[in-house]
Amino acid sequence: MITAEISLEDSQIQWLEQCQSFGFKDKNEFVRTAINNLYDQLKQQQSLRESAQLYAEIYESNEETRDLTEAAIVGSK
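Structural notes, computed from the coordinates. (Residues numbered from 1 in each chain as written. Predicted model: local features only at pLDDT ≥ 70, side-chain atom pairs only at ≥ 80, totals over all residues. Heavy atoms only, no water.)

Let's talk about the pattern of salt bridges
In plain terms, the rule: Whenever Lys or Arg places a side-chain nitrogen within 4 Å of a carboxyl oxygen from Asp or Glu, that contact is recorded as a salt bridge. Every helix listed is a DSSP run of H or I at least four residues long, and every strand listed is a run of E at least two residues long, numbered separately from the N terminus. Think of it in three bands: residues with accessible area under 20% of the maximum for their type are buried, residues over 50% are exposed, and the middle band is partly exposed, with areas taken using a 1.4 Å probe on protein chains only.
If you walk through the whole model with that rule in mind, you get 1 salt bridge. One salt bridge connects E17 with K27, and the closest N-O pair in it is separated by 3.0 Å. Note that E17 is positioned in the loop between helix 1 (10-16) and helix 2 (27-61) and K27 in helix 2, a separation of 10 residues in sequence. Residue K27 is classed as partly exposed on the basis of its relative accessible area of 37%.

Put into structure tokens, the structure is as follows:
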């Protein structure tokens, strides 16, 4: 495993000191888990953005989809 040096704010250090109360064996496990969770969240956000972009492109290029969407909007009022 590679060792890395990072700078943290006091509030982050205080939170890190509580790692065992969250069920982690040590600070290293706590930080690795946090990084992995952040990575997973960012990947999911990227996938959602890409999906939204694809849907927007389909919406823009497909008149039937726009008509159905407009009818649903009007019908819900």
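A few points about the environment of Y39
Relative to the assigned elements, Y39 resides in helix 2. For Y39, a relative accessible area of 52% corresponds to the exposed category. Taking the C-alpha atoms as reference points, Y39 and Y59, separated by 20 residues in sequence, lie 30 Å from one another.

Focus on helix 3 (residues 63-75)
This is how it is decided: Helix span, as expected, comes to 1.5 Å for every residue beyond the first. In protein, a polar contact requires one atom able to donate a hydrogen and another able to accept it; more generally it is a pair of N or O atoms within 3.5 Å, and residues adjacent in sequence count only if both atoms are side-chain atoms.
If you check helix 3, its first and last C-alpha atoms are 18 Å apart, about what 13 residues at 1.5 Å a residue would give, namely 18 Å. Capping of helix 3 at its N-terminal end is provided by N62; its side-chain oxygen lies 3.0 Å from the backbone amide nitrogen of E64.

Some points on the environment of N62
For N62, the position within the fold is in the loop between helix 2 and helix 3. C-alpha of N62 to C-alpha of I35: the two residues are 27 residues apart in sequence and 40 Å apart in space. In this structure the side chain of N62 is engaged in a polar contact, spanning 3.0 Å, whose partner is the backbone nitrogen of E64.

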